[in-house]
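Observations on chain architecture
In case you want the letters, here they are:
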Amino acid sequence: MPRLIHAFAALAVLALAAGCSSPAATTSGTDAGKAAYAAGSSPFWTDPESPAARQAQLWKRQGRGQDAELIRRIADQPVALWPAGGTDPAPTVRAAASAAGREGKTAVLVAYNIPHRDCGGHSAGGAADGNAYREWIGTFADALGEAEALVVLEPDALAHVVDGCTPGEYHAEREELLGEAVARLKQQPNTKVYLDAGNAGWIREPARLVEPLKRAGIEQADGFALNVANFQTTEVTTEYGVRLAGALGGKHFIIDTSRNGNGPLSGAWCNPPGRALGTPPTTGTGEPIVDAFLWIKRPGESDGTCEGGPAAGRWWPEYALELARNATG
């Protein structure tokens, strides 16, 4: 199944209110690997209170120094924040935007609360109806203020329209809501918006996404996002994105490289073993049409109760450690 399996990591962010795609795996921490995953090498904000950061501190206190050092490959990188749907997103969004602003960085957030979300899967839910969603996205946008921010809009929402998973009676409303969300978020003076477009292993022919993206407001957006929470390689995703961009008048795109260091595992989409962190977040993609490599899926948070994992979105330190251990520079 290609769908997104992601619950919410907002709890890690609330504390703020109070205060590389590599083809091979390795178990050794090479100098190149350490350099690639060093902190401070991107313009995006890093949450100092993330689950990975807290895990590194815990393991260091417990004498697990090597594991603590490995998990810092995640802790020291900017990872997208997913404010919880069904609750007021303002505290999470405002705290992240303010913290990023103080450091002169860009906050990366995901808006993920579309009605009828995930077709009843592990991340089922979303706003109760269209009006509830409009209110939620408006609150989200207001909380951004004038901060520098990048918002990934509704992972899986359009791909589920294209593949038929979302019932047909919801298609027109979904595209309308997405278009309105793009327009509302773009009212914030320093917010960039990327509309999710699935991944190369899901909707195999990108032409099928063109008209839904247009109806969902891609012309007003800064671009589209690919590979969110998936494992497709950067090379494959870039080729796919270039084809889709060509059909959209040259729209730019971003790629989720959070877990694609070893590419996908055939037939496995939920917590597949043997995967690795990919290229750390950067705007230096080497491709003018690719605006950034980002860690949109939060590495180390479970896809769901499969392969021995906890519920979707829960921090899973063992899986996080495997991703970090398998990563190379």
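Because the structure is a prediction, the values reported are computed rather than measured.

A word on the sheet that holds strand S5 (residues 252-256)
Read across the open sheet, the 6 strands follow the order S1-S2-S3-S4-S5-S6; overall the sheet is parallel. Each edge of the sheet is formed by a strand with only one pairing partner; in this case those strands are strand S1 (107-111) and strand S6 (290-294). Across the sheet, the mean angle separating the axes of adjacent strands is 25 degrees when strand polarity is ignored. By the bridge criterion, 5 bridges tie strand S2 (residues 149-153) to strand S3 (residues 191-196) in an arrangement that is parallel. What sits directly across from Leu153, in S3, is Leu195. Taken strand by strand, helix H6 (residues 130-144) contacts S1, S2 and S3, and its axis lies near 175 degrees from that of S1.

Points about the packing of helix H3 (residues 51-61) against helix H4 (residues 65-75)
Interhelical geometry of H3 versus H4 gives an angle of 170 degrees and a closest axis separation of 8 Å. With respect to each other, H3 and H4 are oriented roughly antiparallel. Contacts between H3 and H4 pair Ala52, Ala53, Gln55, Ala56, Trp59 and Lys60 from the former with Gly65, Asp67, Ala68, Ile71, Arg72, Ile74 and Ala75 from the latter. Split into classes, the residues belonging to the contact of H3 with H4 amount to 8 nonpolar, 2 polar and 3 charged.

Focus on the state of the cysteines
Tallying each qualifying case throughout the model produces 2 disulfides. Two residues share a disulfide in this structure: Cys119 and Cys165, whose sulfurs sit 2.2 Å from each other. One end of the pair, Cys119, is in the loop between S1 and H6; the other, Cys165, is in the loop between helix H7 (157-162) and helix H8 (171-185), with 46 residues separating them in the sequence. Judged by relative accessible area, Cys119 falls into the partly exposed class, the value being 26%. Across the disulfide, Cys270 is cross-linked to Cys306 (sulfur-sulfur distance 1.8 Å). In this structure, the disulfide formed by Cys270 and Cys306 twists by about -75 degrees around the S-S bond and is classed as left-handed. Residue Cys270 is found in the loop between S5 and S6, and its partner Cys306 is found in the loop between S6 and helix H11 (317-326); the two are separated by 36 residues along the sequence.

Remarks on helix H5 (residues 90-102)
Its 13 residues give H5 an end-to-end C-alpha distance of 18 Å, which sits within 8% of 18 Å, the value for a rise of 1.5 Å per residue. Directly after H5, the chain includes Gly104, whose backbone phi takes a positive value near 70 degrees.

Structural notes on the UniProt feature "active site" (unreviewed entry) in the protein chain
Cross-referencing UniProt, the feature "active site" (unreviewed entry) maps to Asp118, Asp156 and Asp303 in the present numbering. The largest pairwise C-alpha distance within this set of annotated residues, which runs over 186 residues, is 14.1 Å, so the set is compact in three dimensions. Relative to the elements of secondary structure, Asp118 occurs in the loop between S1 and H6. Here Asp118 falls in the buried class, since its relative accessible area comes to 4%. Within the structure, Asp303 has its side chain in polar contact with the side chain of Arg259 (distance 3.1 Å).

Conventions adopted
- Residues numbered from 1 in each chain as written.
- Predicted model: local features only at pLDDT ≥ 70, side-chain atom pairs only at ≥ 80, totals over all residues.
- Heavy atoms only, no water.
- Pairing = 2+ DSSP bridges.
- Helix = DSSP H or I, 4+ residues; strand = E, 2+ residues; numbered from the N terminus.
- Axes fitted to C-alpha atoms, helices over the stretch in contact; angles between N-to-C directions.
- Contact = heavy atoms within 4.5 Å.
- Parallel < 35°, antiparallel > 145°, perpendicular 65-115°, else oblique.
- Nonpolar A, V, L, I, M, F, W, Y, C, P; charged D, E, K, R; others polar.
- Disulfide = S-S within 2.5 Å.
- Buried < 20%, exposed > 50% of the residue type's maximum accessible area, 1.4 Å probe, protein only.
- Expected span 1.5 Å × (residues − 1).
- UniProt positions renumbered as here; feature names shortened; annotations may be inferred.
- Polar contact = N/O pair within 3.5 Å; in protein donor to acceptor, adjacent residues only side chain to side chain.

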